[in-house]
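Descriptive structure summary
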Amino acid sequence: MAQLDTRGKLAILADAAKYDASCASSGTSKRSSAGKEKGIGSTEGMGICHAYAPDGRCISLLKILLTNSCIFDCHYCINRKSSNVRRARFSAEEVVNLTLSFYRRNYIEGLFLSSGIINTPNYTMEQLVEVARSLREDHQFRGYIHLKTIPDADPELVRQAGLHADRVSINVELPTVGGLKRLAPEKSADRIDGAMKEMKTAIEDGHDARKKYRAAPKFAPAGQSTQMIVGADSANDGDIVTKASTLYDRFSLRRVYYSAFSPIPDASAILPLKRPPLMREHRLYQSDWLMRFYGFLPREVVAATGADGMLPLDIDPKLAWALKFRETFPVDVNRAPRELLLRVPGLGVKAVNAIIASRRWRALRLDDVGRLTVSITKVRPFIAAADWSPIALTDRADLKTQIVPKKEQLELFAA
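Quick look at the structure, then.

Let's talk about the overall build of the protein chain
- What the protein chain contains, in helices and strands, is 15 helices and 10 strands.
- Per-residue burial for the protein chain yields a buried fraction of 51% across its 415 residues.
- Taking all contacts inside the protein chain whose residues are at least 6 apart in sequence as the whole, residues at least 24 apart take part in 66%.
- Carbon and sulfur atoms make up 52% of the accessible area of the protein chain, which totals about 20,800 Å².

Structure, rendered in C-alpha cells:
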C-alpha cells in the first residue's frame, strides 16, 4: 500500500466506490462563491452524478472511498476483511487536495465519500469528518459533499458530519433483519436504526434552529438517504417495498436506493451464484416512485406482485396493479379526481396536471389525451373521454398482450 502513488490509490478507491448507488446531489440548499461571497465552488440544489441538470450543466461528483480496507467481514462486500483484493488508503489531506484539484480543473462539482472501517468506527468517522471540515473551514469549499456515516460511531461524530455535509447516509444494507444477521453478522439492525433515528432528530433540530435564529448553522440540508442490496438474500420485492416504506415513515428519508447484488471473487457459498436481473432493480425504483409521487400505499404496491412476492419484469408496477384491480377503471379524464388519474397506466404527473388544467376549459377527447402521453395504446383501456369509452376492452382476458409491445429479434446485418 505504501508504494502506491495518488493515481494508483485513486484507481483502486474510485473503482471500489462504484457499488454505492446513493450519489444524488439533489435537494440541498444553494450556495455560491460568486460576487461578494468568498470561497470556492457552488451548489445549485439539484443534479446527480454524471447527469444533466435542467439548465444543461453536467453535475458530477468525485466518488471515492477513504480506504477499501475493513475490519468487518460482510459476505456480500468486495472489500470485506477476507477478500483478496488490492488495498489502498487515502489520508484526509489527500482527499481534500484531490477534491480541490479536480474542482479547479472543472472535472467535478462535489464529493461523495465513503469508507471501509479501519481501526475502529470512531477513528474512521473522525477521518471522514476531517475531510469535510477541512474543505469547508480551511478552504471555504461551497460545493456539494455527501458523507457515508458509520452507525457504530459516536453520535457526536455523526452530528459533526451533518454540520459539514449536504447529505449524510447510513446504509441499512439488507431488507430483513434475518438477512443482515446471516450475511453481515458484525452489523446490528438495531444500531443502524438507532443511528438513523438520531440523524432524523438532529436534522429536525437543525431546521427548527434555523427558523428561530438566522445565524444557526445548516445541518445536512439535503437530508439523509440509505441503500439496500437487492438479490443477495432471499427477500422478495414485497419485503423490500415494505421495508422502504417503513424507512421513509420512520426516518423521513430523502431517498432509498436499490443496488442489485453483484457476484464477487472468492464469494461465500451462501451467496447467489449470479446477480439478479437489472430490470428488478428498475422495477423497485418504479415502485418507490409510485409510493412517493403517485399516492400508492405500500400494500397496494405489494398487491401488484405475483404469488412469489416479486414484481413482474415485463411490465411496470402501475400497469401490473391496474391489470389486477380492473374494477377501478375506466377513469373519466373529464371528471375523475387527481388521485385516480395518477393510477392510470401511461399517465405521469405532468400529463395528469395538464389534463386537470385543460379540462377546465373544454371536454377532453381521446386525441387530446394522446398528445400528453408517449403511448395512447397503454392508456386507452383505462380511461373514458368525451368521445371514447373502452366498453369491454378493460375486461379482456388478453388485455396485457394487447398493451405490452411484442419483442422483436433485431437482424444482425440489417441495413
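Further notes follow.
Let's talk about the sheet that holds strand β7 (residues 224–230)
- In spatial order, the strands read β3-β4-β5-β6-β7-β8; together these six strands make up an open sheet with parallel pairing. Both edges of this open sheet fall to β3 (61–65) and β8 (255–260), since each of them pairs with a single strand only. On average, adjacent strands in this sheet sit at an angle of 20° to one another, irrespective of strand direction.
- Summarising the sheet, strand β6 (residues 167–169) and β7 pair through two bridges and their orientation is parallel. If you follow Ser169 over to β7, its bridge partner there is Ser225.
- This element, helix α8 (residues 278–293), spans β7 and β8 of the sheet and lies at about 170° to β8.

Here's the deal with the environment of Phe293
- Mapped onto the elements of the fold, Phe293 is located in helix α8.
- Note: C-alpha distance between Phe293 and Val349 (56 residues apart in sequence) is 7.9 Å.
- Non-local contacts of Phe293, meaning those with residues more than four positions away in its chain, are made with Leu342 and Val349.

Considerations on the nonpolar core
- Counting residues in hydrophobic clusters, the biggest one holds 109 residues, and the most contacted among them are Tyr76, Leu113 and Phe382.
- In this structure Leu113 touches Ile64, Leu65, Leu66, Val95, Leu128, Val131, His146, Leu147 and Lys148, once residues within four positions along its chain are discounted.

With respect to the packing of aromatic side chains
- Applying the stated criterion across every chain yields a total of eight aromatic pairs.
- On the basis of an interplanar angle of 70° and a centroid distance of 5.1 Å, the ring pair of Phe329 and Phe382 is categorised as edge-to-face. Here the residue Phe329 occupies a position in the loop between α10 (317–324) and β9 (331–332), and Phe382 occupies one in the loop between α14 (376–379) and β10 (383–384), the gap between them amounting to 53 residues.
- An aromatic cluster is defined as three or more aromatic residues linked by ring pairs; in this entry it consists of Phe296, Trp321, Phe325, Phe329 and Phe382.
- Above the face of the Trp321 ring, Arg343 is positioned so that its terminal group lies 5.0 Å from the ring centre.

Remarks on the packing of helix α1 (residues 6–16) against helix α2 (residues 92–104)
- As a packed pair, α1 and α2 sit with axes 12 Å apart at the nearest point and diverge in direction by 90°. Classified by the angle between their axes, α1 and α2 sit roughly perpendicular to one another. Only Glu94, Leu98 and Phe102 of α2 make contact with α1, whose side of the interface consists of Thr6, Lys9 and Leu10.
- Taken together, the residues of the contact of α1 with α2 sort by class into three nonpolar, one polar and two charged.

Let's talk about the pattern of salt bridges
- Counted by the stated rule, this structure contains 20 salt bridges.
- Glu130 is the salt-bridge partner of Arg133, the closest N and O atoms lying 3.0 Å from each other. With Arg133 and Glu130 both in helix α3 (residues 121–138) and three residues apart, this pair spans about one turn of that helix.
- Judged by its relative accessible area of 21%, Arg133 is partly exposed.
- Given the relative accessible area of 32%, Glu130 is considered partly exposed.

Description of unusual backbone geometry
- Cis peptide bonds are those with omega within 30 degrees of zero, and the linkage from Phe329 to Pro330 qualifies with 5°.
- Within the element layout of this structure, Pro330 appears in the loop between α10 and β9.
- Although it is not a glycine, Ile391 adopts a positive phi angle of roughly 55°.
- Within the fold, Ile391 resides in the loop between β10 and α15 (399–403).
- Its relative accessible area of 73% is what places Ile391 among the exposed residues.

Things to note about the pairing of β8
- With respect to burial, β8 is a largely interior element, six of its six residues being buried.
- Bridging between β7 and β8 involves six bridges; their strand directions are parallel. Within β8, the position partnered with Val230 by the bridge is Ala260.
- In the classification by handedness, the crossover that spans β7, the intervening helix α7 (residues 237–251) and the parallel β8 is right-handed.

Section: the environment of Ser134
- Position of Ser134 relative to the elements: it lies in helix α3.
- By relative accessible area, Ser134 is classed as buried at 9%.
- In contact with Ser134, other than residues within four places in its own chain, are Val96 and His139.

A word on α10
- Within α10, seven of the eight residues are buried, which leaves it mostly tucked inside the rest of the structure.
- Listing the buried residues of α10 in full gives Pro317, Lys318, Leu319, Ala320, Trp321, Ala322 and Leu323.
- If you follow the buried residues of α10, they end up packed against α8, α9 (298–303), α14 and α15.

So, the environment of Phe261
- Structurally, Phe261 can be placed in the loop between β8 and α8.
- Sequence-wise, Phe261 and Glu281 are 20 residues apart; in three dimensions their C-alpha atoms are separated by 9.6 Å.

Re the packing of α3 against helix α4 (residues 155–164)
- One way to put it is that α3 packs onto α4 with a least axis distance of 9 Å and a crossing angle of 25°. Taken together, the axes of α3 and α4 are roughly parallel relative to one another. The interaxial crossing formed by α3 with α4 has left-handed handedness. Two secondary-structure elements touch here, α3 through Asn122, Met125, Glu126, Val129, Ala132, Arg133, Arg136 and Glu137 and α4 through Leu157, Gln160, Ala161 and His164.
- A per-class count over the contact of α3 with α4 returns five nonpolar, three polar and four charged.

Rules used throughout
Residues numbered from 1 in each chain as written. Predicted model: local features only at pLDDT ≥ 70, side-chain atom pairs only at ≥ 80, totals over all residues. Heavy atoms only, no water. Helix = DSSP H or I, 4+ residues; strand = E, 2+ residues; numbered from the N terminus. Buried < 20%, exposed > 50% of the residue type's maximum accessible area, 1.4 Å probe, protein only. Contact = heavy atoms within 4.5 Å. Areas by Shrake-Rupley, 256 points an atom, 1.4 Å probe, with all protein chains shown as cover. Pairing = 2+ DSSP bridges. Axes fitted to C-alpha atoms, helices over the stretch in contact; angles between N-to-C directions. Core = buried A, V, L, I, M, F, W, Y, C linked by side-chain atoms within 4.5 Å. Phe/Tyr/Trp six-rings, centres within 6.5 Å; stacked < 30°, edge-to-face > 60°. Lys NZ or Arg CZ within 6 Å of the ring centre and 35° of its normal. Parallel < 35°, antiparallel > 145°, perpendicular 65-115°, else oblique. Nonpolar A, V, L, I, M, F, W, Y, C, P; charged D, E, K, R; others polar. Salt bridge = Lys/Arg side-chain N within 4 Å of Asp/Glu carboxyl O. Right-handed = clockwise from strand over helix to strand, strands pointing away. Left-handed = near helix turned anticlockwise from the far one by under 90°.

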